[in-house]
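# Structural features, examined
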Amino acid sequence: MNAQLFGEMFVTLLVITDPPGMVPIFLALTGSLPARERYKAAWQAVALALGVIVVFAVAGQKILDYLQIDLPALQAAGGLLLILVALELLTGKADDPQQQSTSNIALVPLGTPLLAGPGAIVATMLEVRKANDFADYSAVALAIVAVMIAVWLVLRFSGTLVRILRPGGIEVLTRIAGLLLAAIAVQLMAGAIGQFVDAYRASRGA
């Protein structure tokens, strides 16, 4: 196995997914749910993220080329999804557990675009391009699995914070997470717009 490629993929993907940074957002979305439902959401989010990343690792460029989608468009779409979720958190619409679906929370925004977002997808596609043989592909695959296991462990045991923070603390954390999520969304969309502008200038210059 290519240890260097494994290390590069593992560190890059771990930094992008940012498990510690996911904790406040995860708790904001699931803190009012029963522990069993919260664990289920963590598992579903990680499973979906793993599936999405693997699919794009195997056939990402072909999928984007077939649908005629540029990476900035994918990034902007992720930003729009996060804006919608951030607004729910900031306005308190996500606080009622009776109106929440564990599966929906796990899929959007936890699984994607937070875990398997444009950054993770692009990084994976770039690392796969460096692979030349079975040992290299194995290194990339093991790194992806290792990162997803690390993310799951962090989310799985984040329930300790729920017991410490209590409902009042979770409510405050929800508002803060909504603000952070909105900032992430704006950053994603700003980056996408910047790339669109650069591509337009390049085409005009050509």
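### A look at the packing of helix α4 (residues 71–91) against helix α8 (residues 159–205)
- As a packed pair, α4 and α8 sit with axes 8 Å apart at the nearest point and diverge in direction by 160°. Relative to α8, the element α4 is oriented roughly antiparallel. Once α4 is placed against α8, the crossing between them reads as left-handed.
- Across the contact of α4 with α8, the residue classes break down as 21 nonpolar, eight polar and one charged.

### What to know about the pattern of salt bridges
- Here the structure, examined in full by the defined rule, presents two salt bridges.
- Lys130 serves as the salt-bridge partner of Glu8, at 3.4 Å between the closest nitrogen and oxygen. Of this pair, Glu8 sits in helix α1 (residues 3–17) while Lys130 sits in helix α6 (residues 118–130), and the two are 122 residues apart along the sequence.
- Between Lys130 and Glu127 there is a salt bridge; the shortest N-O distance is 3.4 Å. Of this pair, Lys130 and Glu127 are both found in helix α6, three residues apart, which corresponds to roughly one turn of the helix.
- On the accessibility criterion, Lys130 (45% relative accessible area) is partly exposed.
- One network of salt bridges, in which partners are shared, links Glu8, Glu127 and Lys130.

### Let's talk about α4
- The terminal C-alpha atoms of α4 lie 31 Å apart, and with 21 residues this matches the ideal 30 Å at 1.5 Å per residue to within 8%.
- Within the sequence span of α4, burial applies to Pro72, Gln75, Ala76, Gly78, Gly79, Leu82, Val85, Ala86 and Leu89.

### Side note on the packing of aromatic side chains
- Under the defined criterion, the tally for this structure stands at one aromatic pair.
- For the pair Phe6 and Phe10, a centre-to-centre distance of 6.0 Å together with 15° between the ring planes defines the contact as stacked. Within this pair, Phe6 and its partner Phe10 are both found in helix α1, separated by four residues, close to a single helical turn.
- Exposure remark for Phe6: the relative accessible area of 24% places this residue in the partly exposed category.
- In this structure, Arg156 packs its charged tip against the face of Tyr39, placed 3.8 Å from the ring centre.
- Here the basic side chain of Arg156 rests over the ring of Phe157, its NZ or CZ set 5.1 Å away from the ring centre.

### Re the nonpolar core
- One finds Leu110 and Leu181 to be the most contacted residues of the largest nonpolar core, which totals 52 residues.
- At the level of elements, α1, α2 (19–30), α3 (35–67), α4, α5 (102–115), α6, α7 (134–156) and α8 are the ones that each hand at least two residues to this core.
- Among the elements that make up this core, the one with the highest residue count is α3 (ten residues).
- If near-sequence neighbours (up to four positions away) are discounted, Leu181 is found in contact with Ile25, Leu82, Val85, Ala86, Leu89 and Leu114.

### Re α2
- Between its first and last C-alpha, α2 extends 16 Å over twelve residues, near the 16 Å set by a 1.5 Å rise per residue.
- In terms of residue burial, α2 counts as a mostly covered element, since nine of its twelve residues are buried.
- Where α2 is concerned, the buried positions are Pro19, Met22, Val23, Ile25, Phe26, Leu27, Ala28, Leu29 and Thr30.

Rules and cut-offs
- Residues numbered from 1 in each chain as written.
- Predicted model: local features only at pLDDT ≥ 70, side-chain atom pairs only at ≥ 80, totals over all residues.
- Heavy atoms only, no water.
- Axes fitted to C-alpha atoms, helices over the stretch in contact; angles between N-to-C directions.
- Helix = DSSP H or I, 4+ residues; strand = E, 2+ residues; numbered from the N terminus.
- Parallel < 35°, antiparallel > 145°, perpendicular 65-115°, else oblique.
- Left-handed = near helix turned anticlockwise from the far one by under 90°.
- Nonpolar A, V, L, I, M, F, W, Y, C, P; charged D, E, K, R; others polar.
- Salt bridge = Lys/Arg side-chain N within 4 Å of Asp/Glu carboxyl O.
- Buried < 20%, exposed > 50% of the residue type's maximum accessible area, 1.4 Å probe, protein only.
- Expected span 1.5 Å × (residues − 1).
- Phe/Tyr/Trp six-rings, centres within 6.5 Å; stacked < 30°, edge-to-face > 60°.
- Lys NZ or Arg CZ within 6 Å of the ring centre and 35° of its normal.
- Core = buried A, V, L, I, M, F, W, Y, C linked by side-chain atoms within 4.5 Å.
- Contact = heavy atoms within 4.5 Å.

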